[in-house]
Structure formats: structure tokens, C-alpha cells
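Each chain is listed here by its residues.
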Amino acid sequence: MITAVDTNVLLDVFGADATHGIRSANALRRCLREGALVACEAVRAETAAVFPDAKPILEAMRAIGVTFSPIGQIAALKASASWRHYRSRGGKRERVVADFLIGGHALTQCDRILTRDRGFYRDYFRELTIVDPAKQER
């Protein structure tokens, strides 16, 4: 089982979020017991922004068992199609292409995604299996 990890879950854990941190950490552990945890370039970049430089983010990801999984061509094309669909429905630029790349990567290269952002992924990546830490037991 390969689980793509979304940025919001990693920020919950690395930032010790008072509301979501414990559930996100527990969900990460559960997913790791069931297989691999991966993050694409977009998640790495968004998460790395809260670290002072590259070394701490690399160590933190290694420590929690999240490996790097680059976005492939099919994932990028799926992201593009979903972005066009979003914009055709009147979607504003509040959602950036990175969100669609994360969804495309999870859909085409993984078995599921661990995220709290279930509404967006359910709308634009309907075939994607979503694991929501907020719905998991503490």
C-alpha cells in the first residue's frame, strides 16, 4: 500500500498543531505500518518552506518515514485535466496548480492520499481513496 502524504498533514505534525497534530501523527504511523509513505515535489516544497534550510526537512522526512516520489508524466497530465475542469467550473486561483499535481500524483502513482483536504480531492479526483486523519481514532 503506497500512501501519498499531503502538505497539511506534515505541517500538522512538524508544527505540533494543537488541533490536528496528534491525529495526523497517528494517521501517519498507521499508514506507514500498512506500506510506504511518499511525498511528491509539490508537497516537499510546500513543507520545506517552514524549515530554515534543506538539511532539517530531509532529516525530518527521513525520521517519519516519508520518501520522495517524483511526479510522472501521466500524473502531470491528470493534474492538468483536473485544473482545466476546475477553471471551467469557475474555479478561482485560490487553488494553485500544486494542489492538482499532488492529487494527480496520488491518483496515478499511489494507492491513496492522507489529507485533511477531502472536499477538494473528492471533487476533482473522485477515484482517489482518501484517508482523513480527523476521522481516525486518536
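Our structure's up above, just so we're on the same page.
Please read these numbers as outputs of a predicted model, since none were measured by experiment. All chains use their own residue numbering, which begins from 1 and follows the written sequence. Only residues with pLDDT of at least 70 are given local features in this predicted model, and only at 80 or more are side-chain atom pairs given and counted; all residues enter the totals for whole chains, interfaces and linings. The basis for every side-chain value is the complete set of heavy atoms in the structure, and neither hydrogens nor water enter the calculation.

## Notes on helix α5 (residues 73-88)
Test applied: Each helix is a run of DSSP H or I of at least 4 residues and each strand a run of E of at least 2, with the numbering of both proceeding from the N terminus. Each helix should span, by expectation, one fewer than its residue count multiplied by 1.5 Å. Per-residue accessibility, obtained with a 1.4 Å probe over protein chains only, is compared with the maximum for each type, and a residue is labelled buried under 20%, exposed over 50%, and partly exposed between these values. It is the directions from the helix axis to the C-beta atoms that the arc portrays.
Between the first and last C-alpha of α5 there are 23 Å, a value that for 16 residues agrees with the 22 Å anticipated at 1.5 Å per step. Along α5, the residues that are buried comprise Ala75, Ala79, Ser82, Trp83 and Tyr86. On an axial view of α5, the arc spanned by its buried residues comes to 105 degrees, and they lie on one face. Looking at α5, the residues exposed on the side facing more than 90 degrees away from the buried face are Gln73, Ile74, Leu77, Arg84 and Ser88. In the segment just after α5, Gly90 is the residue with positive phi, at about 90 degrees.

## Looking at the side chain of Asn8
The cut-off we apply is this: Any pair of N or O atoms that falls within 3.5 Å is considered a polar contact. Within protein, one atom must be able to donate a hydrogen and the other to accept it, and sequence-neighbouring residues count only if both atoms are side-chain atoms.
Tracing the sequence through the fold places Asn8 in helix α1 (residues 7-14). Separated by 3.3 Å, the side chains of Asn8 and Thr115 make a polar contact. Engagement of the side chain of Asn8 in a polar contact is seen with the backbone nitrogen of Arg116, the distance being 3.2 Å.

## Topic: the packing of aromatic side chains
Quick note on the threshold: For Phe, Tyr and Trp, rings pair up if their centres lie within 6.5 Å, where Trp contributes its six-membered ring, and each pair is then called stacked (planes under 30 degrees apart), edge-to-face (over 60) or tilted (otherwise).
Per the counting criterion, the structure on display carries twelve aromatic pairs. Ring centres of Phe100 and Phe125 lie 6.3 Å apart, and the angle between their planes is 50 degrees; this geometry places the pair in the tilted category. In this pair, Phe100 sits in helix α6 (residues 97-109) while Phe125 sits in the loop between α7 (118-124) and β5 (130-131), placing the two residues 25 residues apart along the sequence. Measuring from centroid to centroid gives 6.2 Å for Tyr121 and Phe125, while their planes differ by 45 degrees, and the two rings are tilted.

## Considering α1
Think of an α-helix as 3.6 residues a turn; residues three or four steps apart then line up on the same face. Of all the residues in α1, the buried ones are Thr7, Asn8, Val9, Leu10 and Asp12. Remark: Ala16 follows α1 within two positions and exhibits a positive phi of approximately 50 degrees.

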